[in-house]
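Per-entry structural report
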Amino acid sequence: MNPILKWCYQLAVPHILYPRIQAWLPWVALVTFSLLALGLYLGLAVAPADYQQGEAFRIIYVHVPAAWLSMAVYVAMALMALSVLVWRIQVAELALVASAPIGAAFTLIALITGAIWGKPMWGAWWVWDARLTSELILLFIYIGIFVLYDAIEDKRQAGKAVSLMTLVGLVNIPIIHYSVTWWNTLHQPPSLSKFDTPSIHIDMLIPLLIMLLAFKLLYLLMLMLRMRLSLIERQPQAAWVKALIKPATTGDKP
Amino acid sequence: MILFWRVLKQQLDLAYEHKTAWLNPLLFFALVTLLFPLALGASTSNLAAVAPGLVWITALLATLLSLETLFRDDVADGTLELWCANQPSLLVYAYAKLSAHWLLYCLPLVLISPLLAYSLHLPMVALAVLMLSLLLGSIALVWLGAIGVAITTGLKYNSFLLALLVLPFYVPVLIFGASAVEITTQGLSAAGPLYLLAALAVLAVTLAPFAVAKALKLSTS
Amino acid sequence: MSEFWAMGGYGSYVWSAFGLSALILIYNLWLPIYRHVKLLQQWRNQQQEEQAL
């Protein structure tokens, strides 16, 4: 078999995946935090202030990556849901369930930073702007997914139910977004244009792209941490988990 | 097709035996509508301004409440498991079950809505559009909601979970439905949102039964 | 330096946005690490008790 393909297939095997996560964690963490530090330095200290919004525009460096990730995580979850329902990959189920709270966290960040940005720009903490409203609905969809998983006691069944719900959401989210945008143009709120991204200068764009990449890696890092936990939580009786416990050294630090 | 009519008729006969069951969502609709003037004040212009949204939200909640027990009896007596044995017949079962539900619980809401809207001083010109929007919208609400009901079937305390899962998906229906009525009160044509509502209804009726069937299989296995 | 923290008068907005985001992210990183360590510790204690018996 093709060695690369084989390596990928092995990711679906819990007792091979777990040590791989352990080995990769420090490197992913290192790259993530270096990029994050670089992006924050360039975004907060080096990039010039926006001529219209002044220094307040710097919130963009956390708002936009979080908003972008809130949607990207959902798409990733839909792919995992498909692998659960079509190919019955168990590990995908764990990844899906681990992703939901992370997606919710990014959505929450997008909402909070959007509100804080809105205060100086619109003069109010909350405005029923199309993007903020969509994000709020997305937050409820994420919460629904992990509450559903909690409510079903048989976790195998819960994983499949959650996968189905995720796919139903995937079809619905674009429709929801379209309808909210349509509704928003019907009841135009005041001074919306101020919030639109201005034609962005290259010195402002580079930190944004770096932050975007850093946030993607943050998702990967959080996913690995949560997967590592759920892998051993799911099969406490498995031989490889028993073997982990034996050496009473501190080999479990990240 | 014969199977479809058989299940539909069986459901309607069943409802005929429990004579008053179909009244429940209707009474809920009427009673909640009565609460609005009491809370908001009876001023004609105030009520008329918010009437499209109030009627729509109340109808939406009445539909959601009525859906909750959709599959409960069939799970309890084991008939659902028999249906799940075979994919085509499960789909037919889902279609028949949902059609019966819509006829029994949503059609009465649509029919009584002009009366209730009129009591909230919604202008007469908008009454026909209100009925049409509820007619199309309630189809989408039932078929979309059924997915959530099927997934939460068998869970003990599922009312709030059902609302949490389903209400986000109801957002487009509510937006287009309430807007169609509101636009009409402003003297404009409501054709746009009505077409969009019809599209949502068609989409829900064609796609949702597959998700419902899958969810029913999951919750009975 | 104080000019940097002031952010042209928008300091409170910018720093609260970044601070709250950091808080949420750090919590999400810390929680699975903490629970992983706790779980392994708990299992090890159980094993030691069983061996002691």
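Here, the structure is the one placed above.
Everything in this summary refers to the structure shown in the same document. Each chain has its residues counted from 1, following the order in which its sequence is written. Numbering of ligands from 1 and lettering of chains from A proceed in the order in which they are written. Local features in this predicted model are restricted to residues whose pLDDT is 70 or higher, and side-chain atom pairs enter the listing and the counts only when it is 80 or higher, whereas totals over whole chains, interfaces and linings include all residues. With hydrogens and water set aside, each side-chain value is computed from the structure's full complement of heavy atoms.

With respect to the pattern of salt bridges
Within this document, salt bridges are pairs made up of a side-chain nitrogen of Lys or Arg and a carboxyl oxygen of Asp or Glu, the two lying within 4 Å of each other. Applying the stated criterion across every chain, the model contains five salt bridges over all chains. Its salt-bridge partner being Glu93 of chain A, residue Arg156 of chain A comes within 2.9 Å of it at the nearest N-O pair. Here Glu93 of chain A lies in helix 4 (residues 90-122) and Arg156 of chain A lies in helix 6 (residues 155-186), a separation of 63 residues in the sequence. Accessibility expressed as a relative area gives 33% for Arg156 of chain A, which makes it partly exposed. The class for Glu93 of chain A is buried, based on a relative accessible area of 1%. Here Lys97 of chain B makes a salt bridge to Asp74 of chain B, at a shortest N to O gap of 3.1 Å. Linking Lys97 of chain B in helix 6 (residues 87-119) with Asp74 of chain B in helix 4 (residues 72-76), this pair joins segments that are 23 residues apart in sequence. Lys97 of chain B gets classed as buried once you look at its relative accessible area, which sits at 7%. Only DSSP runs of H or I covering at least 4 residues are called helices, and only runs of E covering at least 2 are called strands; the numbering of each starts at the N terminus. Remark: exposure states derive from per-residue accessible area (1.4 Å probe, protein chains only) relative to the maximum for the residue type, with buried under 20%, exposed over 50%, and partly exposed in between.

Describing the packing of helix 2 (residues 23-40) of chain B against helix 6 of chain B
All names here are of chain B. The contact between helix 2 and helix 6 brings their axes to 9 Å, and the two run at 20°. Looking at the two axes, helix 2 sits roughly parallel to helix 6. Here helix 2 and helix 6 pass one another in a crossing that is right-handed. Two secondary-structure elements touch here, helix 2 through Pro25, Leu26, Phe29, Ala30 and Thr33 and helix 6 through Tyr105, Pro108, Leu109, Ile112, Ser113, Leu116 and Ser119. Classes in brief: Ala, Val, Leu, Ile, Met, Phe, Trp, Tyr, Cys and Pro nonpolar; Asp, Glu, Lys and Arg charged; the others, Gly included, polar. For the contact of helix 2 with helix 6, the class distribution of residues is nine nonpolar, three polar and no charged. As a rule, the C-alpha atoms of each element are fitted with a line to give its axis, helices using only the stretch in contact, and angles between N-to-C directions run from 0 to 180 degrees. If an angle is under 35 degrees, it is roughly parallel; if it is over 145, roughly antiparallel; if it lies from 65 to 115, roughly perpendicular; otherwise it is oblique. Definitions for this section: a left-handed crossing has its near helix turned counterclockwise from the far helix by less than a right angle. A right-handed crossing has that turn clockwise. In this analysis, two residues are considered to be in contact whenever any of their non-hydrogen atoms come within 4.5 Å of each other.

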